[in-house]
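# Summary of the model geometry
What follows is each chain in one-letter form.
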Amino acid sequence: MKLFDLIKTANHNLFRSKTRTLLTILAVFIGSFTIILSNAINSGVNDFIDKQVATIGGDSFIEVFPSAMYDQVAGMMGGGNTSKVKEYNENTGGFLGANISNEDLEKMRKVDGVENLEIFHMLSTEYMRLEGSDKKYDVSVEYFPEGNFNVDLSAGRMTSNDSGEGEIIINEDWLKPFGLDSAKDALGKTVEVAVKQTAKCYVTPNNCIASAKAKIVGVQAPGVLTMDGDLHINQILDNKLYSLSMENVPESSVQNYIAVGNVDPAKMDKIREEFKKIGYDFITVSDAVSMIRTFFDAILVVFNIFGGIALLAAAIGIINTLFMSVQERTREIGLEKALGMGKGKIFLEFSIEAILLGFWGSALGILISMIIGYSVNAVAHETFLADFPTFELVIFNPLNMTIITLIIMAIAFVAGTLPARKASKKDPINALRYE
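Described in the following lines is the structure provided in the data block.

Reading the values: the criteria
- Residues numbered from 1 in each chain as written.
- Predicted model: local features only at pLDDT ≥ 70, side-chain atom pairs only at ≥ 80, totals over all residues.
- Heavy atoms only, no water.
- Helix = DSSP H or I, 4+ residues; strand = E, 2+ residues; numbered from the N terminus.
- Buried < 20%, exposed > 50% of the residue type's maximum accessible area, 1.4 Å probe, protein only.
- Areas by Shrake-Rupley, 256 points an atom, 1.4 Å probe, with all protein chains shown as cover.
- Core = buried A, V, L, I, M, F, W, Y, C linked by side-chain atoms within 4.5 Å.
- Contact = heavy atoms within 4.5 Å.
- Disulfide = S-S within 2.5 Å.
- Pairing = 2+ DSSP bridges.
- Phe/Tyr/Trp six-rings, centres within 6.5 Å; stacked < 30°, edge-to-face > 60°.
- Lys NZ or Arg CZ within 6 Å of the ring centre and 35° of its normal.
- Lys, Arg positive; Asp, Glu negative; His and termini not counted.
- Salt bridge = Lys/Arg side-chain N within 4 Å of Asp/Glu carboxyl O.

Within the protein chain, the regular secondary structure consists of 13 helices and eleven strands. Residue burial in the protein chain is summarised as follows: out of 435 residues, 46% are buried. Split by element, the accessible area of the protein chain, about 21800 Å² in all, is 58% carbon and sulfur.

Okay, structure coming up:
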């Protein structure tokens, strides 16, 4: 009997007892559905994160902090901070800057694999308000050297120093507080960013805030890296704000900055080791999203565990189904052997039945998970993912689905080996006498 005929016969034999077979397929379906859908969600989440990282500038970009401050920064990244705009409170505004000495900066620049490294100010900003409005909001801003860092914009352009004036990119969370209907409406608007004047605050703590104006040139689209709430500014505004905050501060006391630059990604681990020896550490774009990726991975591992448990139960169901089938078809097995069918083909016939149970359960799991997955995508974009138009929550990868199906079929084959072995070893004479 040819392989195709064996498959055809095995499939026919399976559905002699439709109820029992369908219940076994249903058990396989539950496990395959859970695993396929959780992997599709994992693909969707990682695809969105990978796109965000690629847009922002890749794996070579680093942001350097003193080691003592690194844990604080890493904690903020993983602490669930969001970019939601809050009204300004003078008792909570501002952020302590980091300190990097010029001597240490030169040491880090000489580390093998460091392509460029420069300082920029960690500004202790107080608030931002739209020109013409009295409402003030907490704000955190950062300057990154041009060409090293990109953000996904829903309107406008990246900041530049060519205009000769301060420029800023806001994110979409600021549109509603500013009373703007769309991202395009924000372009060209002027905002006022305020900082505390360090020296003056020692003398007149209630009257030591100064501000600089900036033009909104872009609006950042929602993404995983808008969650830190930092707004991107150009160097002109950065220098202006820093000068205001450090006015009348002795130059010997001015060391309020961190460093950014590009390194060879292949030497990243070695560079980190060398930086730690000097007393510094850094984060990469990938680090900035690692906590988000880890959070989703942990949830999906739980789903896969449930799927694995379901498949284990399904494997027991396959064993039971085939043992019962062997029992019911004892005389038929005896007749097949009497007509010259060998042990190998008897074993193969029942093994194929087990594999088909895995196949049909997987096929049903793929079909239902795709129907539900695409429906979830549509609903998600209308509801909780409305702010993330490029985020496909569920992405079905044909290769992943094929691998999962093959694994499930392999599990079904292993589960069917005991009943198949029992069938292949039956004595044809005793089998023909079986009632």
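From this point, the narrative continues.
On to the nonpolar core. If you look at the biggest cluster of nonpolar residues, it comprises 35 residues, and the most contacted ones within it are Ile36, Ile318, Phe391, Val394 and Phe396. Only helix H1 (3-14), helix H2 (18-56), helix H9 (285-328), helix H11 (343-382) and helix H12 (398-424) provide two or more residues apiece to this core. No other element matches the eleven residues that H2 contributes to this core. Residues within four places of Phe391 in sequence aside, it is in contact with Gly44, Val45, Phe48, His381 and Leu385. By size, the runner-up hydrophobic cluster in this structure holds 32 residues, among which are Ile168, Trp174, Phe178 and Ile233.

Right, let's get into the state of the cysteines. Counted under the stated rule, the structure contains one disulfide. Disulfide pairing places Cys201 opposite Cys208 at an S-S distance of 2.0 Å. Across the disulfide from Cys201 to Cys208, rotation about the S-S bond amounts to roughly 85°, and the bridge is consequently right-handed.

Within strand S6 (residues 167-171), five of the five residues are buried, which leaves the element mostly enclosed by the surrounding structure. With burial as the criterion, each face of S6 is covered, one bearing Glu167, Ile169 and Asn171 and the other bearing Ile168 and Ile170. Strand direction decides the pairing type here: S6 and strand S8 (residues 209-220), joined by five bridges, are parallel. Within the sheet, the bridge partner assigned to Ile170 lies in S8 and is Val219.

This next bit is on the packing of aromatic side chains. Geometry of an aromatic ring pair is reported as the spacing of the ring centres plus the angle between the planes. Taken as a whole, this structure holds eight aromatic pairs when the rule is applied. Plain terms: the ring middles of Phe29 and Phe33 are 5.6 Å apart, the flat faces sit at 35° to each other, and that makes the pair tilted. Separated by four residues within a single helix, Phe29 and Phe33 lie in helix H2, roughly one turn from each other. Like Phe29, the residue Phe33 is buried in the burial classification. Judged by centre distance (6.0 Å) and plane angle (85°), the rings of Tyr137 and Trp174 are edge-to-face. On the criterion of sequence distance, the pair formed by Tyr137 in the loop between strand S3 (125-130) and strand S4 (140-143) and Trp174 in the loop between S6 and helix H5 (183-186) is long-range, its members being 37 residues apart. The residues Tyr137 and Trp174 share a single accessibility class, namely buried. Taken together, the ring pairs connect Tyr137, Trp174 and Phe178 into an aromatic cluster. Of note, Arg272 hangs over the ring of Phe282, and the distance from its end group to the ring centre comes to 4.2 Å.

Right, let's talk about the environment of Tyr242 for a bit. If you trace the backbone, Tyr242 turns up in helix H7 (residues 235-245). Distance from Tyr242 to Ser124, taken between C-alpha atoms, is 8.7 Å for residues 118 residues apart in sequence.

Let us look at the side chain of Glu336. Mapped onto the elements, Glu336 comes out in helix H10 (residues 330-338). It is Arg329 that comes nearest to the buried, bridge-free Glu336 among opposite-charge side chains, at 5.6 Å.

Attention now moves to the pattern of salt bridges. As enumerated under the stated definition, the model contains 16 salt bridges in all. For Glu332, the salt bridge is made with Arg16, and the minimal N-O distance between the two is 2.8 Å. Residue Glu332 is located in helix H10, and its partner Arg16 is located in the loop between H1 and H2; the two are separated by 316 residues in the primary sequence. We note a salt bridge from Lys107 to Glu103, for which the minimum N-O separation is 3.9 Å. With Lys107 and Glu103 both in helix H4 (residues 102-109) and four residues apart, this pair spans about one turn of that helix. On the accessibility criterion, Lys107 (41% relative accessible area) is partly exposed. One salt-bridge network, in which partners are shared between bridges, spans Arg16, Arg329, Glu332, Glu349 and Glu353.

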